[in-house]
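# A look at the structure
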Amino acid sequence: MGKTSIKSEQELCIQLGDPAMTPLLRSGLGGLAAALRCLLLKQNPAAAWPATIPLGPGYADVTREGVVLRWEDGSPEPILKDLFQKTFQLDNGVIDIAGTYAPGQQLPLEVASALQSALRMTFLQHGQMARKAGEPEVIIIYIDDNPISINLQRYKWYKQQDGWQYVLVALNKSGHKEVAAWASPGAVVRHEAFKAATSWTLDAKQLLCACFAPVGTISLNVRRGQCGILVIPEPKDLLEFAKLRTLVTPKRLEETYVAGLGDAVLAIECAIRTGDLDNRNGVQRVHGVLTRATAWSPQQKSVVAAIRTEHFSDDTLNLYYRVSRKLPSRIKHTDIEKVNKKESIFVTSSELRGLIADNLARNRLWYANFGTAKTGGKKPRYIHQFRLKDNLGALWHEEREGLISMLEQLETAEQALVNSIHIAIRKRLGAIANETKDNSQVMKNRWRKEREKWRLAFFGAKTSDQLRAALADLWSRAGSNLVLQEQWPSVLPLLRPDHWQLTKDLALVALASYKGDHTAEENVGDAVGEITEAIV
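Residues numbered from 1 in each chain as written. Predicted model: local features only at pLDDT ≥ 70, side-chain atom pairs only at ≥ 80, totals over all residues. Heavy atoms only, no water.

## Digging into the sheet that holds strand β13 (residues 218-222)
Let me state the cut-off plainly: DSSP calls a pair of strands paired once it identifies at least 2 bridges connecting them. Elements are defined by DSSP. Helices are runs of H or I of four residues or more, strands are runs of E of two residues or more, and each kind is numbered from the N terminus. Every residue pair with non-hydrogen atoms within 4.5 Å of one another is taken to be in contact. What counts as an axis is a line fitted to C-alpha atoms, over the stretch in contact for a helix, and the angles between N-to-C directions run from 0 to 180 degrees.
One open sheet holds the 5 strands; their spatial order is β15-β13-β14-β16-β17, and the pairing between them is mixed. The sheet terminates laterally at β15 (257-258) and β17 (297-308), the two strands that pair on one side only. Pairing of strand β14 (residues 228-235) with strand β16 (residues 283-294) involves 8 bridges; the strand directions are antiparallel. Of the residues in β16, the one forming a bridge with Pro233 is Val286. Relative to β14, helix α1 (residues 23-43) is tilted by about 70°, and along the sheet it contacts β14 and β16.

## A closer look at unusual backbone geometry
Applied cut-off: Throughout this description, buried means an accessible area under 20% of the type-specific maximum (1.4 Å probe, protein chains only), exposed means over 50%, and partly exposed covers the range between.
Cis geometry marks the peptide bond from Trp49 to Pro50, where omega comes out at 5°. A positive phi is found at Ala20, a non-glycine position, where the angle reads about 65°. Tracing the chain through its elements places Ala20 in the loop between β1 (11-15) and α1. Residue classification places Ala20 among the partly exposed residues on the basis of a relative accessible area of 34%. One non-glycine residue, Asn369, lies in the positive phi region at around 70°. Inspection of the secondary structure assignment puts Asn369 in the loop between α11 (351-361) and β20 (382-386). Residue class for Asn369 comes out partly exposed when judged on its relative accessible area of 35%.

## Some words on the packing of helix α13 (residues 412-435) against helix α15 (residues 464-478)
The condition is simple: Orientation labels follow simple angle bins: below 35 degrees gives roughly parallel, above 145 gives roughly antiparallel, 65 to 115 gives roughly perpendicular, and whatever is left gives oblique. By the definition used in this description, the sense in which the near helix is turned from the far one sets the handedness, with an anticlockwise turn below a right angle giving left-handed and a clockwise turn giving right-handed. Amino acids are sorted into nonpolar (Ala, Val, Leu, Ile, Met, Phe, Trp, Tyr, Cys and Pro), charged (Asp, Glu, Lys and Arg) and polar (every other residue, Gly among them).
Relative to each other, α13 and α15 sit at 50°, their axes nearing to 8 Å. Considering their axes alone, α13 and α15 lie oblique with respect to each other. As α13 runs across α15, the sense of the crossing is left-handed. Contact residues: α13 offers Leu417, Ser420, Ile421, Ala424, Ile425, Lys427 and Arg428, while α15 offers Leu471, Leu474, Trp475, Arg477 and Ala478. Considering only residue class, the contact of α13 with α15 consists of 8 nonpolar, 1 polar and 3 charged.

## Quick notes on the packing of aromatic side chains
Heads up, the condition is: Centres within 6.5 Å are what make two rings of Phe, Tyr or Trp a pair, Trp counting through its six-membered ring; a difference in plane orientation under 30 degrees is then read as stacked, over 60 as edge-to-face, and the rest as tilted. Placement of a charge over a ring requires the Lys NZ or Arg CZ to be within 6 Å of the ring centre, with the centre-to-atom vector within 35 degrees of the ring normal.
Applying the stated criterion across every chain, the model contains 8 aromatic pairs. Summarising the aromatic geometry, the rings of Phe88 and Tyr158 are spaced 6.4 Å apart at their centres and angled 80° between planes, so their arrangement reads as edge-to-face. In this pair, Phe88 is assigned in strand β5 (residues 88-91) and Tyr158 in strand β10 (residues 155-158), connecting sequence segments 70 residues apart. Classification of Phe88 as buried rests on a relative accessible area of 2%. Residue classification places Tyr158 among the buried positions, given a relative accessible area of 1%. Taken together, a centroid distance of 5.2 Å and an interplanar angle of 55° make the contact between Phe88 and Phe212 tilted. Linking Phe88 in strand β5 with Phe212 in the loop between α6 (204-211) and α7 (213-216), this pair joins segments that are 124 residues apart in sequence. Comparing Phe88 with Phe212 shows no difference in burial state: the two are buried. Through a chain of ring-to-ring contacts, three or more aromatic side chains come together here, namely Phe84, Phe88, Tyr158 and Phe212. Residue placement shows Arg455 over the ring face of Phe459; its charged tip is 5.9 Å from the ring centre. One residue, Lys462, lies across the ring of Phe459, its end atom 5.8 Å from the ring centre.

## Section: the environment of Ile139
Tracing the chain through its elements places Ile139 in strand β8 (residues 137-143). With relative accessibility at 17%, the residue Ile139 sits in the buried group. For the pair Ile139 and Leu152, spaced 13 residues apart in sequence, the C-alpha to C-alpha distance is 6.6 Å. Not counting residues within four places of it along the chain, the set of residues in contact with Ile139 comprises Leu109, Ile148, Ser149, Ile150, Leu152 and Arg154.

## Quick notes on the side chain of Lys301
Mapped onto the fold, Lys301 is located in strand β17. For Lys301, the contacting residues outside a window of four places in its chain are Met121, Gln125, Gly186, Gln226, Thr291, Arg292 and Ala293.

As structure tokens, this is what we get:
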């Protein structure tokens, strides 16, 4: 990166439009503005915004486009030290960062602990970036009046608290300072033999922004795969962004967990647009990055995926809102007396929600890749398959309602295809019910085998011809299908070679969303009458 000159030794001025300001650095500049606003309101809760913020022997001013730090005694050390000490704190051993929540408020302990864990997967991923204060403690808290135990790790120091020293060195030497993942997750020397050319270096202005990136960004947890997720709101108005930043921090434990990168980006985008303020005026776009250890660099987490968005339509956000309400993250806990002084709580996130959200965030059809998507972790599972003890399915039966609710968003031809498959499956199961109505156990087994037969037929299709053959086989075995007869001209384009992979995904969606999915847990006697009526 090219050097950026300092206006004078008595002033440090950083603008959103400065050279080499990446989205992460702009978000860090927004974080600096949010922290300064927080410090102002702590000193005077009735203060107007913007206003001049006292810092040690100097002060700071925030405008829509930039931040200016000024000092009078010729040395920036006192003002930088005061700024960092007041921003990056520890509250009884728990990381506490000014500007991420409203002054005077307090995050619940379980939320603060979860956000702290998320930071350990992004900015503080290396063990030496934070110094622990002893072993984790088991703390008893109350959620909805229920006693819950959580593991709480306390700290006595973390890297950002000393960030002012790096900024001071860069200022005094008027040069660049090499930084690592604590300032930019994923930053690493690419080649030790060419360290000068492949290391990540920043000048004083950029480094100050990087230090405040944990304020402007939002780190979230993913249940599976030991991943870190960092959402980067890129500001276009620092005054509005400083007010907005406190509104997007999760306030409940389940909100600190997301199902994937797209889920995280859309959740923050929805939070930005919530409230009385026109919050979108403060944010230009929202980015997201996923960090994970890789085979070539297992000692640290590298950026393995990213989402960059310009603007989400209201339709996209409404669709995501529907998914998030139907498939929410849930808190699971066991009896506190049965866990023997261990954590009794964990949060589960829907893998189906993660897939749909990723598709929406990347401007794809919501059901794209439904047939091939897998979960993360050591034992990947297929999202299109219902989960049983002896299979590799990931879809829980309670998630079917969320899948059914999404069918309303399909185009006419897509709905016709799904309905035709539903009718065919209903007739096939109805025929089995007629043949085995005197033996419920045989009926259940044959139902399960019939559904698995068509799942394998659709899933195993590798060409458009094979998919058409599987669909034709199902339709022909089921008999007359009024929906298919009436909607055939609109369904036919879905079977063409240029569209068959999406149609394969849609066929598996139809199979998974079929309401007559009678499993061993359902009442077979009540199901027989319903399913038999369908074939009469």
